Structures are given as C-alpha cells and as structure tokens.
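Chain by chain, the residues:
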Amino acid sequence: MAETEESSWVYKNRDAPVEARVKDLLYRMTFPEKIGQMTQIERSVASPQVITNSFIALASRLGIPIIYGTDAVHGNNNVYGATVFPHNIGLGATRDADLVKRIGVATALEIRASGVHWTFAPCVAVLGDPRWGRCYESYSEAAKIVCEMSLLISGLQGEPPEEHPYGYPFLAGRNNVVACAKHFVGDGGTDKGLSEGNTIATYEDLEKIHVAPYLNCIAQGVSTVMASFSSWNGSRLHSDYFLLTEVLKQKLGFKGILVSDWDGLETISEPEGSNYRNCVKLGINAGIDMVMVPFKYEQFIQDMTDLVESGEIPMARVNDAVERILRVKFVAGLFEHPLADRSLLGTVGCKEHREVAREAVRKSLVLLKNGKNADTPFLPLDRNAKRILVVGMHANDLGNQCGGWTKIKSGQSGRITIGTTLLDSIKAAVGDKTEVIFEKTPTKETLASSDGFSYAIVAVGEPPYAEMKGDNSELTIPFNGNNIITAVAEKIPTLVILFSGRPMVLEPTVLEKTEALVAAWFPGTEGQGMSDVIFGDYDFKGKLPVSWFKRVDQLPLNAEANSYDPLFPLGFGLTSNFG
C-alpha cells in the first residue's frame, strides 16, 4: 500500500467527523480485526505478540490503539501515592454534587498521569440493603441523590456543550478520562443484598429506582456502561436483550460501549462457566459490545469466530459493537494521543488534590449523637486537654481508613500508601502540651487510671473488603467493636468514630454510654478532614445517605413505607452548633 494513499485514509484524519472516521475504519477491517476490538484482556496475559496477533492494538496492521481501563473508583486508588477520596457512600453524605465533580476532575488527571484512558466509575447503584458487600460503592438508597452524584462523570470526562447530541459519548480533552456508569441495572436492589443476586421488581419500579441514574449519566455523554452480574426477576443481566438493547441502547439512546463485567459472560450459565460458547452467543446477541474476558481470550476469539461463521451471531451485531468501540476511541482522542502524558505526573497525590479530599472528608462525616442530652454538646473537643486516650484498630491504620479498592481490589490493612491517619491528624491538631496516648486495645491499667484522661476517641469499624466478600448478614462491628466502645465509655467520656461501608448494629449500651458518635464511612487518605471537624474548625455537615437500621431483621428498610422505623432516618445528621 503506497504511503501517500494510506495517509489520505479518512480515519487517519483528525479533522474528519468522528462518524466518517468510524465508517472508514470499519470498512477497512477484517473479521478477525473486528473480534480483536471486542476482546478485553487482563494485563497479566498481555504481551506484544498477543496484542499484535489478536489485532487488539496500535502495533497491528491498522494501528488501532488499545483503550486501557482500571477500577479508579475513589481516586486513582491502585497507584501508590495517589489521592484516595472517600468512598461513594461518604460522598452521598455530603450532598455536594459540585464537590463530587471536582473529585472527578482531580481523579482524571491522576489516572491520565499513569497512562490509563478509562475508569470503571461511577457506580450508580441505588442501595436496597446494607448487607450488600458493595454498599459503600453506592451514593445512596435514594435514586434522587444517586442521580445528583452522577455529576462525577462531568468531572472525569469534562462537560459536554449544550448542542452535544444526547446519548453520544463525550470526552473534553487530554486531561480527561472515559467514564463508565455501572452496573446496568438493579445491582443495588438484589434480594437480601446478595452480590450478583436477583433483583425482584416490576419494570415500573426498576425504571423509577434503578434505571433513573442512567438518564443523568447518558445526558452527560457517559462513554461506556458496564452490565451487572446480577439478575432481574431471574434473568441474568448479561444476557437480557430487553434491558441491554431495547431499554439502554434503543429507548435511552445510548451510543457508547456496553462492556461486560469481569468474566461476566460466564455468569450467564448454570453452573457458572459451563457451555462458554453458548454464553458468548447469548451475551453478544443481548447487546454486549466489549467483553472483559479477561484471561481466556483464545477461547473467546475462537467461539466468537465460530458463532459468526455459523450465523448464530449476525455480522450486523459485530459491526454495531465495533462501531461503538471505535466511536469511543476516536472521541477520546486515542488515535492522536495513545500513550501516557508524563507531564501530568506532578498531579499524582498533589497538595491541591489532597485538599479536595480533605474537604470531602469534612463534609462526609455524619454526627449521630453529640452529648448525653441536647443542652450539653460534647463536641467540639478541647484541643488543649491535658491527656487524651485514642483507642482502636482503625485509629492509626491507613488501609482500614481507605477500605476496599485501594492498592488491591479487596483493600489491605496497614500503611499501604501515603496519607494521614486519624491518629496522625489528632496529634497534629492538639496543643503542644497535650499528651496523646494510643492503644489498639485498651489495657486494664489504662482503664484503671481513667481519671487522668480528659476524654477518649475510640475508632472501630470494618476491615477493607470488596464485592462478594463484603456480603454480611449480621452487620455487627468487627473485632469486638461494641465491647471496646463500652469498656472505654464506662470509664472515660468517649467520642466514637465508626469506619464502615454501611450502617452497623449499634448496641443500646453503646448508644447510651458514649458521649458522641460519628459515622466516618471509609474516608480515604486525608485523615485531617476528621480532626478539622471534631476539634471545631469546621461544622458537621453530613446527612445520612442511607437509613440506619435498629436490627438486621428489619432489613430492607424503605423510607417511604408506613412501617419505617429506623434508628436514624435517611437524611439524619446533627450539626455541631446544636448538639
């Protein structure tokens, strides 16, 4: 092929309209090259040979760049030294959509600095039951709040101009990343809060509650949507033609990429993973465009080839999928700028981003109790107290403070990245003459000498977890949390800070004996946001994004039901001024 002729190809012309480029490139692609575009592999099985030979990337004949995706769900959380923001449930407590958008802007820069183009965020699940292991990935149990918080997309991708066509993917420029609304649809509404479970609902309820946030996402030009592992009335989402194609693509007018979840096609069959060929057929025909394979790509490519050749998957469906994939790659500017922009490295964990995270922590804290009676508020604490006791496994553990999806999927305890723990922030906030005593578990000796302490701060909660491993039918505070609180609170006036991805069981003795109680969720790396508020530099602003149950046997709670009887209702949150 003469170079002059090749350089005149429409798809190589950055000034040509995106649709003309898509059409031109699609016309030039062979069948195996098309399947390569639909194949998303995990980096551990990627190699220069695989990527070139399977037509997945830049080095192949037509020079189509790869799009690399990562789970950057509260900052670029897999990268050491990145700013880690509060998880979504904490952001839901802020009710501050503009703040969430600014978090999107900061996160996009830190993602682009690492050479990644695409984040699998935001999760716009509407929470039905806190027993779900992904509860902290939901902004709220109220669809309205989730809809508002989806503004993260305009931070990540940039804000489309008013004339931008509805449903069409958008990306503003090189400082932005492709976003992904997930998991379509009903992931937060499963029976008993089981991960990958079954959402039992009429279509009207599904639309009113769970589909609602996707309208906001699509209006912002979200470029990709991820299908859910869960089922709707027994039908697996990954093979539900009605919801994926008729609703999402046709009724809602979504023109971007519909990507499967990790190994998502395997979940279609019973038992999972059996009859993979049939799973591929059902998933692709239902409307999945790109498959997060992630390892068995040879099997996927072989089955895909066979299914198209036998007519079981129409070529028109393949062309539609590839068209959508190319559309997003052109919109995202990957043909012009496929590689990392190292000039952005200075943004990773930078002071400005950490300040945004600190603000988010301040605004996410929900004050549930302040003083044993309303006339005598316990907070703010005296920063010049003579001696204070800090207790608990979460007081000086950055990993516990960040929760899941930090460093690795399930998260990890310990000083796993750069940041400020609650204890660090308390020590920085108190006066020079204040003595701070820290014990993970309070000793008998310390409790016996309790007279010497002005007050105690007890930090307890959940360890990091993700997905199914977080499913929990009991929701009691782990590591003996209730007993530790009571032991300290019986002797010393106590503020409890609870780190968790959801409401937990609060025993009556805990509620009765503690002076003050704060829900801190999983606040991330900027612990100073907590000391800012407990010592009174800023007021408490957070409002519960979810109902706080009294007992697990009440679940699921519905704020609109006549029988609604929570410990603390949706929207509850005291301010420091009023006790």
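Within each chain, residue numbers correspond to sequence positions counted from 1 in written order. Local features in this predicted model are restricted to residues of pLDDT 70 or higher, and side-chain atom pairs are both shown and tallied only at a pLDDT of 80 or more, whereas totals for entire chains, interfaces and linings draw on every residue. Only heavy atoms go into the side-chain values, all of them from the structure, while hydrogens and water stay out.

**Examining the overall build of the protein**
Each helix corresponds to a stretch of at least 4 residues labelled H or I by DSSP, and each strand to a stretch of at least 2 residues labelled E; elements are numbered beginning at the N terminus. In terms of helices and strands, the protein carries 20 helices and 16 strands. The quantity called the radius of gyration is restricted to C-alpha atoms. Its globule counterpart is 2.2 Å times the number of residues to the power 0.38. Taken over C-alpha atoms, the radius of gyration comes to 25 Å for the protein, in line with the 25 Å a tight globule of 579 residues would show. Reported as C-alpha extents along the three principal axes, the dimensions of the protein are approximately 85 × 50 × 40 Å. Element-wise, carbon and sulfur atoms account for 52% of the exposed surface of the protein, whose accessible area totals about 22,000 Å². Asp and Glu are treated as the negative residues and Lys and Arg as the positive ones, with His and the ends of the chain left uncounted. Throughout, a charge is located at the NZ atom of Lys, the CZ atom of Arg, the CG atom of Asp or the CD atom of Glu. Put simply, the protein has 56 plus and 69 minus side-chain charges, and the middle of one group is 3 Å from the middle of the other. Method for areas: the Shrake-Rupley scheme with a 1.4 Å probe, in which residue coverage is limited to the protein chains shown.

**Observations concerning the environment of threonine 525**
Tracing the chain through its elements places threonine 525 in the loop between strand 16 (516–519) and helix 20 (528–534). Take threonine 525: its relative accessible area is 0%, and that puts it in the buried class. On a C-alpha basis, the gap between threonine 525 and glycine 349 in space is 9.8 Å, while along the polypeptide they are 176 residues apart. Note on definitions: a residue-residue contact is assigned when non-hydrogen atoms from the two residues lie within 4.5 Å. Here threonine 525 is in contact with Ala82, Thr83, Val84, Arg354, Leu398, Gln401, Cys402, Thr417, Ile418, Gly419 and Thr420, once residues within four sequence places are set aside. Burial here depends on accessible area, computed with a 1.4 Å probe over protein chains only, as a share of the maximum for the residue type. Under 20% is buried, over 50% is exposed, and the range in between is partly exposed.

**Some details on the side chain of asparagine 77**
Turning to its location among the elements, asparagine 77 is positioned in the loop between strand 2 (69–70) and helix 5 (88–94). Relative accessible area serves as the criterion here: at 2%, asparagine 77 is assigned to the buried category. Side chain to side chain, asparagine 77 and asparagine 78 meet in a polar contact 3.3 Å long. Setting aside its immediate chain neighbours within four residues, asparagine 77 contacts Asp71, Ala72, Trp405, Thr406 and Lys407. Definition of a polar contact: a pair of N or O atoms within 3.5 Å, with one able to donate and the other able to accept a hydrogen when the atoms are protein atoms, and with sequence-neighbouring residues admitted only if both atoms are side-chain atoms.

**Some remarks on the sheet that holds strand 5 (residues 198–199)**
Pairing between the strands of a sheet comes from backbone hydrogen bonds, and it takes one of two forms, parallel or antiparallel. Only strands joined by at least two bridges in the DSSP assignment are considered to pair. Spatial strand order, 5-7-8: three strands in an open sheet with mixed pairing. If you trace the sheet from one side to the other, it starts and ends with strand 5 and strand 8 (235–236), each paired once. Direction of pairing for strand 7 (residues 231–232) relative to strand 8: antiparallel, over a ladder of two bridges. Bridge pairing links tryptophan 232 to serine 235 in strand 8.

**Comments concerning the UniProt feature "domain: Glycoside hydrolase family 3 C-terminal" (unreviewed entry) in the protein**
UniProt positions are given in the numbering used here, feature names are shortened, and annotations may be inferred rather than shown by experiment. As annotated by UniProt and renumbered to match this structure, "domain: Glycoside hydrolase family 3 C-terminal" (unreviewed entry) occupies residues 365–575. Helix makes up 19% of residues 365–575 and strand 15%, and the two end C-alpha atoms of the span are 10 Å apart.

**Digging into unusual backbone geometry**
With an omega of 5°, the peptide bond running from alanine 121 to proline 122 counts as cis. Relative to the assigned elements, proline 122 resides in the loop between strand 3 (118–119) and helix 7 (143–149). The peptide bond linking leucine 379 to proline 380 adopts the cis configuration, its omega dihedral lying at 0°. With respect to the helices and strands, proline 380 occurs in the loop between strand 11 (366–370) and strand 12 (387–391). For asparagine 480, which is not glycine, the phi dihedral falls at a positive 65°.

**Overview of the pattern of salt bridges**
The term salt bridge refers to a pairing of a side-chain nitrogen on Lys or Arg with a carboxyl oxygen on Asp or Glu at a separation within 4 Å. Under the criterion given, the structure shown has 41 salt bridges. The partner of lysine 296 in a salt bridge is glutamate 266, and the shortest N-O contact between them spans 2.8 Å. Remark: glutamate 266 occurs in the loop between strand 9 (257–259) and helix 11 (276–286) and lysine 296 occurs in the loop between strand 10 (291–292) and helix 12 (297–309); sequence separation between them is 30 residues. Each of the salt bridges in this network shares a partner with another, and the network as a whole consists of Asp96, Asp98, Arg102, Glu359 and Lys363.

**So, the domain arrangement of the protein**
Annotation of the protein at the domain level lists domain 1 (37–337) and domain 2 (365–568). The distance between the C-alpha centroids of domain 1 and domain 2 comes to 34 Å. Taken together, the contacts link 37 residues of domain 1 with 38 residues of domain 2. Summing both partners gives a buried area of about 2,900 Å² for domain 1 against domain 2, and 55% of it is carried by carbon and sulfur. Of all residues in domain 1, the largest losses of buried area upon contact with domain 2 belong to Arg131, Tyr136 and Glu141, amounting jointly to 22% of the total for that side. Notably, a salt bridge pairs arginine 134 with glutamate 467, separated by 3.1 Å at the nearest N-O pair. Along the contact surface separating domain 1 from domain 2 lie 23 residue pairs in polar contact (both at pLDDT 80 or more). In terms of residue class, the side of domain 1 that touches domain 2 is made up of 16 nonpolar, 13 polar and eight charged. Where each domain starts and ends comes from a domain assignment, either automatic or drawn from a database. By buried area we mean the combined loss of accessible area, with a 1.4 Å probe, across both parts when two parts are placed together. Polar here means any residue other than Ala, Val, Leu, Ile, Met, Phe, Trp, Tyr, Cys and Pro, which are nonpolar, and Asp, Glu, Lys and Arg, which are charged; Gly is therefore polar.

**Focus: the sheet that holds strand 6 (residues 224–227)**
The strand order 4-6-9 describes an open sheet built from three strands, whose pairing is parallel. This sheet does not close on itself; its edge strands, each paired only once, are strand 4 (180–184) and strand 9. Neighbour-to-neighbour, the strand axes of this sheet turn through a mean angle of 25°, independent of strand direction. Of the pairings in the sheet, the one linking strand 6 to strand 9 comprises three bridges and is parallel in character. Residue pairing in the sheet places valine 225 in a bridge with leucine 258 of strand 9. Every axis corresponds to a line fitted to the C-alpha atoms, with the helix fit spanning only the stretch in contact, and the corresponding angles, defined between N-to-C directions, vary from 0 to 180 degrees. The sheet strands contacting helix 10 (residues 241–251) are strand 4, strand 6 and strand 9, and the helix crosses strand 4 at an angle near 145°.

**A word on the packing of helix 3 (residues 31–38) against helix 12**
Direction vectors running N to C along helix 3 and helix 12 enclose 130°, while the axes themselves pass 10 Å from each other. As summarised for this structure, helix 3 and helix 12 are arranged oblique, according to the angle between their axes. Both helix 3 and helix 12 take part in a crossing whose hand is right-handed. Contacts between helix 3 and helix 12 involve Phe31, Ile35 and Met38 on the former and, on the latter, Phe300, Ile301, Met304, Thr305, Val308 and Glu309. For the contact of helix 3 with helix 12, a count of residues per class yields seven nonpolar, one polar and one charged. In this scheme, roughly parallel covers angles under 35 degrees and roughly antiparallel covers those over 145, while 65 to 115 is roughly perpendicular and the rest are oblique. A crossing counts as left-handed when the near helix is turned anticlockwise from the far one by less than a right angle, and as right-handed when that turn is clockwise.

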